[in-house]
Protein chains: 2
Amino acid sequence: MSVGFFWELVAKCPRTGARAGIWHTPHGRVETPRFMPVGTVGTVKGLTPAQVETTGAQMILANTYHLHLQPGESIVEKAGGLHGFMAWNQPILTDSGGFQVFSLSELRQITETGVKFRSPRDGRLIEITPERSIEIQNALGADVIMAFDECPPPGMGYEAVKASTERTYRWLERCITAHQRPDEQALFGIVQGGIYEDLRSNAARSLVALDLPGYAIGGVSVGEETALIHRVVEVTAPLLPEHKPRYLMGVGTYREMAKAIAAGIDLFDCVIPTRFGRHGAALVRGERWNLKNARFKEDFTPLDETCSCYTCAHFTRAYLNHLVKSGEMLGYIALSLHNIAELVRFTTDIRRSILDGSFADDYALWLEDAVDVTRS
Amino acid sequence: MSVGFFWELVAKCPRTGARAGIWHTPHGRVETPRFMPVGTVGTVKGLTPAQVETTGAQMILANTYHLHLQPGESIVEKAGGLHGFMAWNQPILTDSGGFQVFSLSELRQITETGVKFRSPRDGRLIEITPERSIEIQNALGADVIMAFDECPPPGMGYEAVKASTERTYRWLERCITAHQRPDEQALFGIVQGGIYEDLRSNAARSLVALDLPGYAIGGVSVGEETALIHRVVEVTAPLLPEHKPRYLMGVGTYREMAKAIAAGIDLFDCVIPTRFGRHGAALVRGERWNLKNARFKEDFTPLDETCSCYTCAHFTRAYLNHLVKSGEMLGYIALSLHNIAELVRFTTDIRRSILDGSFADDYALWLEDAVDVTRS
């Protein structure tokens, strides 16, 4: 158990599973529910740490797989860990690399030991095992590190997912043993189990018995139907300990976050805000706008006049339309900044409604079953 | 004569023509000598206005030609002019579009009236005359607007340059007549004359007789030898009025700025800092570094520990090496930010030495004839 971490449950919604918390970490507090932007190789794409801070993001992600390939964890470690390397002094979470490695469909070879693959950068043979993943993450030095898990692909049959989930559990035990910095880095277990409710429940119960400092739900962000994702979250989240943070991996659209919060999830991450930004798209109050659209050409209002981000405080839709049409970097930067601020605000507005006791009423429309138009 | 502008001569170097001034404009003061970054289409590439402000740049440039093509001056005018459109509240200068139009070698047709060319964007026929350039610049609303001039290509013979310079003078007279906002926008005349000292001197004398609020030296930034550039500046600058600002167009390398300041120049602009930044290069104390170089991989010091820019205050060379190697936008942003801050600081350090009376001694090495290694 990590002594540098403490989960404070601040309020619970009387009509849903939603909760507001404060998670105390060695690099400061994270008020939940909250969206976390992704800084894949140690940079939230296009933004300085100072700009990311202005979005209200209190915690960010980085990807172990990418950082292992470039610059390599030893460089990051010598720089004082990720916080020093990327000049971000608030909490950071690193994933285990599993998700990326399992996405390398042709190059990998999976055994009980771990996964072997050829680097897509230089072709060298790399083996990532649970021990190696934790070793790399110990060197990267994030506040939260993730267990190395197997992510079953969508459509995998029951028996195969069952075997995979059991292996993920054995790998988790090895991760716990390998972890060298439990006082400074909280190791989260990841509940897998595909779309099978009993496998998810069983996985959740065995992980909880290990008394980890936090828990994640994995394998729901790609390829599965929205309704199935939600069902998995609804079944799994309530089984996780009330006094530990709960993180839904790779999810960060409005509706999916609202529904997951109602099920008791605290933390989210997604690449959508920066990816949309780089494609000239803005997230505005639940909608996705293409800023190249001619309707913005003479629109001298901000993206969202109720938004307090730098972009909305300084730039008009007409200026953003001009920047995006001109292919100017500032267009992508300004939209990424706004999109992150927008998703952080969506979650912090929900937090406020949980504190007020008005969540179930105020967000009733978001909790209905409907397709999220911003899902990429 | 523009009433919203006032040139204050603060100090003169006793041994060179260098001078320190404060130029008061409708959008605030510009302490000279000073480097001005370029914001071609209304954005200093990759940087927010807030970031540009932290570099110490007090005045920036924008390009009339580019803004006319996209988004068009009427959009900018409706946005409240360039200051409102791009959210930059300090002084702005627009060029006349002449330089870009004359660079379109195959597409243009030059007459006494002006220049006709096909838009490289959509093929439509565009005519820019002195009147049209001023009309566009009046709509863009920058503090300084430039006369529409003909830029003789390098290598042009004496008689041809003479005829061109005389036409530039006739165009200037038309610009003055066309200018609708002299109280808010200072129209600068541009001394042309190629490499011919007598043509430069004659042009300078006739322009000075028109009592304009400021003067520029044009046609020295491309294609000519460094020694010839310097000779032209040395001959021309002292002929310009002592109580008006002097701007050397398109020049912004260390040595060329130092020598031009010694000849009495106040203002500079150049795209080098952002262009180098986008190519992963840093300007550091007179040198040009390629941040991709492996020697930076484990170098955990800032680019320049005496530099107070955001990049140097937060990022190490190792981190910049990692960002540039990864093709991350933040690498280009961080280097552009530093490079602008570096060139602004080079000129403000010189300003301080002029105030101290130590310029000729402190910058003796920069005033020698030598090749500037950072010249692109």
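Residues numbered from 1 in each chain as written. Chains lettered and ligands numbered in written order. Predicted model: local features only at pLDDT ≥ 70, side-chain atom pairs only at ≥ 80, totals over all residues. Heavy atoms only, no water.

### Thoughts on the overall build of chain A
Quick reminder of the rule: Helix numbers and strand numbers start at the N terminus; a helix is a DSSP run of H or I with at least 4 residues, a strand a run of E with at least 2. To sort residues, take the accessible area from a 1.4 Å probe on protein chains only and compare it with the maximum for the residue type: under 20% means buried, over 50% means exposed, and anything in between is partly exposed. Should any heavy atoms of two residues lie within 4.5 Å, those residues are considered in contact. The method behind every accessible area is Shrake-Rupley, applied with a 1.4 Å probe, and residues are considered shielded solely by the protein chains displayed.
Counting its secondary structure elements, chain A contains 15 helices and 16 strands. The buried share of chain A, taken over its 376 residues, is 61%. The contacts in chain A between residues at least 6 apart in sequence include a share of 67% that link residues at least 24 apart. As presented, chain A carries roughly 13800 Å² of accessible surface, and 50% of it is formed by carbon and sulfur atoms.

### Quick notes on the UniProt feature "binding site: substrate" (unreviewed entry) in chain A
Residues and elements named next belong to chain A. Inclusion rule: UniProt positions are given in the numbering used here, feature names are shortened, and annotations may be inferred rather than shown by experiment.
The positions UniProt marks with the feature "binding site: substrate" (unreviewed entry) are Asp95, Ser96, Gly97, Gly98, Phe99, Asp149, Gln192 and Gly219. Residue placement: glycine 97 occurs in the loop between β6 (92-94) and α5 (98-103). Those residues within four positions of glycine 97 in sequence are excluded, and the remaining contacts are Thr64, Tyr65 and Phe148. Positionally, glycine 98 belongs in helix α5. Filtering out sequence-adjacent residues up to four positions away, glycine 98 remains in contact with Phe148 and Asp149.

### A short note on the packing of helix α14 (residues 329-356) of chain A against helix α14 (residues 329-356) of chain B
For the record, the criterion: Lines are fitted to the C-alpha atoms to define the axes, a helix being fitted only along its stretch in contact, and any angle between axes, read from their N-to-C directions, falls within 0 to 180 degrees. For classification purposes, an angle smaller than 35 degrees is called roughly parallel, one larger than 145 roughly antiparallel, one from 65 to 115 roughly perpendicular, and anything else oblique. Two helices that cross are described as forming a left-handed crossing if the nearer one is turned anticlockwise from the farther one by less than a right angle, and a right-handed crossing if clockwise. Gly falls in the polar group here, along with every residue not listed as nonpolar (Ala, Val, Leu, Ile, Met, Phe, Trp, Tyr, Cys, Pro) or charged (Asp, Glu, Lys, Arg).
In contact at an axis separation of 12 Å, α14(A) and α14(B) are set at 110° when each is read in the N-to-C sense. By the angle between their directions, the pair α14(A) and α14(B) is classed as roughly perpendicular. Both α14(A) and α14(B) take part in a crossing whose hand is left-handed. Contact residues: α14(A) offers A:Met329, A:Tyr332 and A:Ile333, while α14(B) offers B:Met329, B:Tyr332 and B:Ile333. Tallied by class, residues from the contact of α14(A) with α14(B) come to six nonpolar, no polar and no charged.

### Things to note about the interface of chain B and chain A
Counted only if it meets this: Summed over both partners, the accessible surface that disappears when two parts come together, traced with a 1.4 Å probe, is what is meant by buried area. The salt bridge criterion pairs a side-chain nitrogen of Lys or Arg with a carboxyl oxygen of Asp or Glu, the two atoms within 4 Å.
With 38 residues of chain B at the interface, the matching set in chain A holds 38 residues. Summing the contributions of chain B and of chain A, the shared interface buries around 3400 Å²; its carbon and sulfur component is 64%. If you sort the residues of chain B by the area they bury against chain A, B:His322, B:Glu328 and B:Met329 come out on top, with a joint share of 18%. In this structure, the connection of chain B to chain A is made through four salt bridges. One salt bridge in this structure joins A:Glu328 and B:Lys45, with 2.4 Å as the shortest N-O distance. At the level of elements, α1 (49-54), α3 (73-78), α4 (81-86), α12 (310-314), α13 (317-325) and α14 of chain B are the ones that each hand at least two residues to the side of chain B that touches chain A. For the side of chain B that touches chain A, the leading source of residues is α13(B), giving five residues.

### Overview of the sheet that holds strand β2 (residues 19-25) of chain B
Residue and element names in this part refer to chain B. For clarity, the cut-off: Any two strands between which DSSP finds at least two bridges are classified as paired.
With respect to topology, three strands assemble into an open sheet ordered β1-β2-β3, the strand pairing being antiparallel. Here the strands that pair on one side only, and so sit at the sheet edges, are β1 (6-12) and β3 (28-32). Direction aside, neighbouring strands of the sheet carry axes that sit 15° apart on average. Pairing geometry for β1 and β2, over six bridges, is antiparallel. Residue pairing across strands places phenylalanine 6 opposite histidine 24, the latter belonging to β2. Relative to the sheet, α14 contacts β1, β2 and β3, its axis offset from that of β2 by approximately 115°.

### Notes on helix α13 (residues 317-325) of chain A
An α-helix turns once per 3.6 residues; consequently, residues spaced three or four apart project the same way. Of all nine residues in α13(A), eight are buried, a share of seventy percent or more. Taken together, the buried positions of α13(A) are occupied by A:Arg317, A:Ala318, A:Tyr319, A:Leu320, A:Asn321, A:His322, A:Leu323 and A:Val324. Where α13(A) is buried, its residues touch β16 (287-290), α12 (310-314) and α14 of chain A together with α2 (64-69) and α4 of chain B. Looking one or two places after α13(A), you find A:Gly327, whose phi comes out positive at around 65°.

### Remarks on the environment of A:Arg317
The topology assignment puts A:Arg317 in helix α13. Discounting chain neighbours no more than four positions away, the residues touching A:Arg317 are A:Trp289, A:Leu291, A:Phe296, A:Asp299, A:Thr301, A:Pro302 and A:Leu303.

### Points about the relation of the copies chain B and chain A
Quick reminder of the rule: Residues below a pLDDT of 70 in either copy are left out; the C-alpha atoms of the rest, at least 70 in both, set the least-squares superposition of the copies.
For these two chains of identical sequence, chain B goes onto chain A by a turn of 180° and a shift of 0.0 Å along the axis, with RMSD 0.0 Å. The transformation relating the two chain copies, once decomposed into turn and shift, fits a two-fold axis. A share of 100% of the interface residues of chain B reappears at the interface of chain A, consistent with the copies meeting face to face through the same patch.

### Here we look at the confidence of the model for chain A
For clarity, the threshold we go by: Each residue carries a pLDDT value, the predictor's own confidence for that position, ranging from 0 to 100.
Averaged over all residues, the pLDDT of chain A is 94; the fraction at 70 or higher stands at 96%. Per the prediction output, this complex has pTM 0.96; the corresponding ipTM is 0.95.

### Brief notes about unusual backbone geometry
Note the cis peptide between A:Gln70 and A:Pro71, where omega equals 5°. Counting through the fold element by element, A:Pro71 comes out in the loop between α2 (64-69) and α3 (73-78). The omega torsion of the bond from B:Thr32 to B:Pro33 falls at 0°, within 30 degrees of zero and hence cis. In this model, A:Asp211 sits at a positive phi of 50°, which is unusual for a non-glycine residue.

### Details of the pairing of strand β9 (residues 125-128) of chain A
Residues and elements named next belong to chain A. Here β9 shows one buried face, formed by Ile126 and Ile128, and one open face, formed by Leu125 and Glu127. Inspection of the sheet shows strand β8 (residues 115-118) paired to β9 by four bridges, in the antiparallel sense. The residue of β9 that forms the bridge with phenylalanine 117 is isoleucine 126. Connecting β8 to the next strand, β9, in antiparallel fashion are six residues, including glycine 123 with a positive phi near 80°.

### What about the side chain of A:Gln137?
All names here are of chain A. Among the secondary structure elements, glutamine 137 is positioned in helix α6 (residues 130-140). By relative accessible area, which is 0% here, glutamine 137 ends up buried. With residues up to four places along the chain from it excluded, the contact list for glutamine 137 reads Thr64, Thr94, Asp95, Ser96, Ala142, Ile145, Met146 and Gln185.

### Considering the packing of α6(A) against helix α7 (residues 158-178) of chain A
All names here are of chain A. Following both chains from N to C, one finds α6 and α7 inclined at 40°, their axes separated by 8 Å at the closest point. What the angle tells us is that α6 and α7 run oblique. The crossing of α6 and α7 is right-handed. Touching Pro130, Glu131, Ile134 and Asn138 of α6 are Trp171, Arg174, Cys175 and Ala178, all from α7.

### What about the UniProt feature "active site" (unreviewed entry) in chain A?
Residue and element names in this part refer to chain A. Heads up, the condition is: Between N or O atoms, a polar contact is any pair within 3.5 Å; within protein, one atom must be a potential hydrogen donor and the other a potential acceptor, and residues adjacent in sequence are included only when both atoms are from side chains.
The UniProt record marks Asp95 and Asp269 with the feature "active site" (unreviewed entry), using the residue numbering of this structure. Across 175 residues, the annotated set stays spatially compact, with a maximum C-alpha separation of 10.9 Å. For aspartate 95, the residues in contact, after removing those within four places along its chain, are Ala62, Asn63, Thr64, Tyr65, Gln100, Gln137 and Met146. Relative to the assigned elements, aspartate 269 resides in strand β14 (residues 267-269). Here aspartate 269 falls in the buried class, since its relative accessible area comes to 8%. With near-sequence residues (within four places) excluded, aspartate 269 lies in contact with Phe35, Met36, Val38, Leu61, Tyr247, Leu248, Met249, Gly250, Val251 and Gly252. Within the structure, the side chain of aspartate 269 is placed 2.8 Å from the side chain of tyrosine 247, a separation counted as a polar contact.

### Regarding the environment of A:Thr316
Residues and elements named next belong to chain A. By the secondary structure assignment, threonine 316 is in the loop between α12 and α13. Residue class for threonine 316 comes out buried when judged on its relative accessible area of 16%. Separated by 146 residues in the primary sequence, threonine 316 and arginine 170 place their C-alpha atoms 53 Å from one another. When neighbours within four sequence positions are excluded, threonine 316 is seen to be in contact with Asp299, Phe300, Thr301 and Pro302. For threonine 316, the side chain forms a polar contact with the main-chain nitrogen of tyrosine 319, separated by 3.0 Å.

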